[in-house]
Amino acid sequence: MELRLAELAARLGGRELEGDGSLRVSGVATLAEGGAGDLGFARSERFAAELARSRIGAVIAPAGVDTRGKPTLRSPAPSLDFARAAALLAPRPRPAPGVHARAFVDPSAHVDASAWIGPLASVGARARVGARTLVHPNAAIGEDGVIGDDCEIHAGASVGARCVLGSRVILQPGCAIGGDGFGYELDERGAHEKVPQLGNVVLEDDVEVGANSTIDRARLGATRIGRGTKIDNLVQIAHNVEIGANCVIVAQSGIAGSTRVGERVYFMAQSGAAGHLEIGAGSFIAVRAGVIEDLAPGARVYGYPAQAGRAWHRATAWLARLPELARRVRALEARAGASRSEGDGG
């Protein structure tokens, strides 16, 4: 799509425009790679040197940033506005509605006429696929699965039997929704006997799950992900976990079974929580932090076992001083040993 800069400013909520509003932009690009018909963005003055060299046609930038005379949309959130501009200028193509000849749709399933089922995708018995939803190649929807409107199930993703997706849910390639929870009991011989996992998974509206992430079905009841929550790649959510609205769970994190997470909680990369915990709303779990006890609302924790920020920073500072302290202790021990030797000799 090609838009005049003035029209783009209006579509972004009436952003202030500096320079030639009749300039036409038809794409988005980095400052280093962009040309005269492209739109770029600069967050701060740190981009000054790159702007000076850039051939980009126009930029989005916050107030006060010198854009070297280039036509500019002034924005308090340049990265966000750039993302919205990209969606306008470079919309993703959509396949025509319908079921591909090489897809399988059970006769008892219902697929909305405006949805698309790609080649080698599978829709199980009594499953329902909502309006304008896209099911990409090799994706699978199990029996009695419910997929809402405007969802996108990418290649190789799977939605298990009886699992429910709200509207505008995105499953990235290879993610698995509704695999069995990890549940075993020792039998009389000491062998592991599998516990039936009879529940399901519910993803509420506007949830996104990253590539190769897994969300296990509940033993009983539901594993539930609240509306607007965003889950990165390679994340593991165990059975019967409940996650509140608008949380963010970053790559390689894991949450053990039956833990309850409040709204607006951030799990940063490679962090995790043990099972059967309560994580209060608004909590922040830092990179590689391991939570092993309940957290109050608004907690900020770091390290393993997870500690409050101030305590963790103090401990980390002392850890950096350990080599120096060890040298001092050895020196004191040597002096004490020498003093004892002199006393024995006397």
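As a reminder, the structure under discussion sits directly above these lines.
Values in this document were obtained by computation on a predicted structure and should not be read as measured data. Counting of residues starts from 1 at the beginning of each chain's written sequence and follows it residue by residue. For this predicted model, a pLDDT threshold of at least 70 governs which residues receive local features, and a threshold of 80 or more governs which side-chain atom pairs are given and counted, while totals over whole chains, interfaces and linings are taken from all residues. Side-chain calculation: all heavy atoms of the structure are included, whereas hydrogens and water are not.

(A) Up close: the overall build of the protein chain. Numbering goes from the N terminus for both helices and strands, where a helix is a DSSP run of H or I of at least four residues and a strand is a run of E of at least two. Along the protein chain, the regular secondary structure elements total five helices and 40 strands. Compactness check: the protein chain gives a C-alpha radius of gyration of 28 Å against a globular reference of 20 Å for 346 residues, more than 25% above the reference. Taken along the three principal axes of its C-alpha coordinates, the protein chain extends 100 × 75 × 35 Å. Any two residues having at least one pair of non-hydrogen atoms within 4.5 Å are treated as being in contact. Considering only intrachain contacts with a sequence separation of at least 6, the fraction spanning at least 24 residues in the protein chain is 19%. As defined in this context, the radius of gyration uses C-alpha atoms, and a globule is described by 2.2 Å times the residue total to the power 0.38.

(B) The pairing of strand β24 (residues 200–203), seen in detail. Neither face of β24 is left uncovered, since the one carrying Asn200 and Val202 and the one carrying Val201 and Leu203 both have all their residues buried. Here a strand pair is declared whenever DSSP counts at least two bridges between the two strands. The pairing of strand β19 (residues 164–165) with β24 spans two bridges and is parallel. Its bridge partner being in β24, leucine 165 is matched across the sheet by leucine 203. Note that β24 and strand β27 (residues 222–225) share four bridges and pair parallel. Accessibility here uses a 1.4 Å probe with only protein chains present; expressed as a share of the type maximum, an area under 20% marks a residue as buried, one over 50% as exposed, and anything in between as partly exposed.

(C) Inspection of the environment of valine 28 at higher detail. Note on placement: valine 28 falls in strand β4 (residues 27–28). Of the residues examined, valine 28 reaches a relative accessible area of 30% and is grouped as partly exposed. Between the C-alpha atoms of valine 28 and lysine 70, which are 42 residues apart in sequence, the distance is 15 Å. Each residue touching valine 28, except ones within four places of it in the same chain, is listed here: Asp38, Leu39, Phe82, Ala86 and Leu89.

(D) Geometry of the sheet that holds strand β31 (residues 248–249). Pairing is mixed in the open sheet, where 12 strands are placed in the order β8-β11-β14-β17-β20-β25-β28-β31-β34-β37-β39-β40. The sheet is open, and its two borders are formed by β8 (98–99) and β40 (307–308), each paired with just one other strand. Examined bridge by bridge, strand β17 (residues 152–153) and strand β20 (residues 170–171) share two bridges and lie parallel to one another. Bridged to isoleucine 153 within β20 is leucine 171.

(E) Highlighting the packing of aromatic side chains. Put simply, two rings from Phe, Tyr or Trp (the six-membered ring, in Trp's case) pair if the centres are within 6.5 Å, and we call them stacked under 30 degrees between planes, edge-to-face over 60, tilted for the rest. All chains considered together, the criterion is met by four aromatic pairs. Both rings, one in phenylalanine 182 and one in tyrosine 184, keep their centres 5.2 Å apart while their planes meet at 70 degrees; by these two values the pair is edge-to-face. Residue phenylalanine 182 is classed as exposed on the basis of its relative accessible area, which comes to 69%. Between phenylalanine 284 and tyrosine 302, the aromatic rings sit 6.3 Å apart at their centres with planes inclined by 55 degrees, giving tilted as the arrangement. Taken together, the residues phenylalanine 284 in strand β37 (residues 284–285) and tyrosine 302 in strand β39 (residues 300–302) connect sequence positions 18 residues apart. Residue classification places tyrosine 302 among the buried positions, given a relative accessible area of 16%. Directly above the ring of phenylalanine 284 sits arginine 300, whose terminal nitrogen or CZ lies 4.3 Å from the centroid. Charges are assigned to positions over rings by a cutoff of 6 Å between ring centre and Lys NZ or Arg CZ, combined with an angular limit of 35 degrees from the ring normal.

Function cannot be inferred from these measures alone, as they are strictly geometric.
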